[in-house]
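Given next are the chains, with one letter for each unit.
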Amino acid sequence: MKADEIPFVVRLAKGPRDLAAAQRLRYRVFVQELGGSGPLVDHVAGIERDEFDPYFDHLLLIDEAREARGEDYVVGVYRLLPSDRLAQSGRFYSEGEYDLSALKASGRRLLELGRSCVHPDYRGGTAMLHLWNALADYVLEREIEILFGVASFHGTDVQALAQPLAFLHHNHLAPAALRVRVQPEHAQRMDLLPPDQIDRRAAMLGTPTLIKAYLRLGGFVGEGAWLDHAFNTTDVCLVMDTKKMSTKHRAFYLRKSGHEA
């Protein structure tokens, strides 16, 4: 079956069965594929979880054909926490890595994004587009103004990541009013190279697809990177103001969702 013929459904998780299916996909990607771990990871059951899962909405990309065969049916996932739920969770997940004071003081409606991944068999097709379209609906329905969350480079060898990190710092640093800053523990400066030593092509080749997608939408990065040794990643914090989203992409997502730009 061709990728554009797969009977995808995108919806929020409805209960423990859906959440467990999402956590199994996360285990496959973040633990088995990328070498991550964590205090609540269950290697016996094959699930990646943490204490924040009960408070988030879990946006699921479902392959109905796999579900009909009794196989793991969640093939893509996004974890979402709107700021009006902070009274329940106590804090955002990202606050373990970044000082979010600027965002929280803005008085605007925030949405934290995280744990985004797609099953290896579905990469390079329309899977991520389906998730992004559903995310746009979620954002518009809740009148979200600022999207943010950590995104990862594989590995913690910062010298190997010097080109993309420096490129992000010098070209896509968030404006002061929205600039989150990395927490001191495990902090890493991103300005590892001066602007005249940056090879844009090498920087882009070394930047994960998801981060590049946020940049195309008009996203920024916070100041400093976080070395996450447990997950074997180098994290940056992405911030996107929906009012400043690139005109072309904003119009596209609004049309897809039946809204006027």
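Residues numbered from 1 in each chain as written. Predicted model: local features only at pLDDT ≥ 70, side-chain atom pairs only at ≥ 80, totals over all residues. Heavy atoms only, no water.

A. Representation of the nonpolar core in the model. Core analysis: the biggest nonpolar cluster contains 36 residues, and Tyr78 and Leu135 have the highest contact counts within it. Among the elements of the structure, strand 2 (57-63), strand 3 (74-82), strand 5 (110-118), helix 5 (127-141), strand 6 (146-154), helix 6 (162-172), helix 8 (209-216) and strand 11 (233-241) are those that each provide at least two residues to this core. With seven residues, helix 5 is the largest single contributor of residues to this core. In this structure, Leu86, Leu110, Leu178 and Val239 belong to the second largest nonpolar core, which totals 19 residues. (Core = buried A, V, L, I, M, F, W, Y, C linked by side-chain atoms within 4.5 Å. Buried < 20%, exposed > 50% of the residue type's maximum accessible area, 1.4 Å probe, protein only. Helix = DSSP H or I, 4+ residues; strand = E, 2+ residues; numbered from the N terminus.)

B. Just the pairing of strand 10 (residues 225-228), in detail. Going residue by residue along strand 10, you find Ala225 and Leu227 tucked away on one face and Trp226 and Asp228 tucked away on the opposite face as well. Bridge analysis of strand 8 (residues 187-188) against strand 10 gives two bridges, and the strand direction is antiparallel. By the bridge assignment, Ala187 is partnered in strand 10 with Trp226. As judged from the three bridges shared by strand 10 and strand 11, these two strands associate in the antiparallel manner. The residue bridging Trp226 from the neighbouring strand is Asp235, located in strand 11. With antiparallel pairing between neighbouring strands as the criterion, strand 10 and strand 11 make up a hairpin whose turn holds four residues, including Asn232 at a positive phi of roughly 55°. (Pairing = 2+ DSSP bridges.)

C. Highlighting the pattern of salt bridges. Counted according to the given criterion, the structure contains 19 salt bridges. Notably, a salt bridge pairs Arg115 with Glu48, separated by 2.9 Å at the nearest N-O pair. With a gap of 67 residues between them, Arg115 in strand 5 and Glu48 in the loop between helix 1 (16-33) and strand 2 connect regions that are remote in the sequence. Exposure class is identical for Arg115 and Glu48. Each is buried. With a closest N to O distance of 2.6 Å, Glu143 and Arg109 form a salt bridge. Of the two residues, Glu143 sits in the loop between helix 5 and strand 6 while Arg109 sits in the loop between helix 4 (101-104) and strand 5, which places them 34 residues apart along the sequence. (Salt bridge = Lys/Arg side-chain N within 4 Å of Asp/Glu carboxyl O.)

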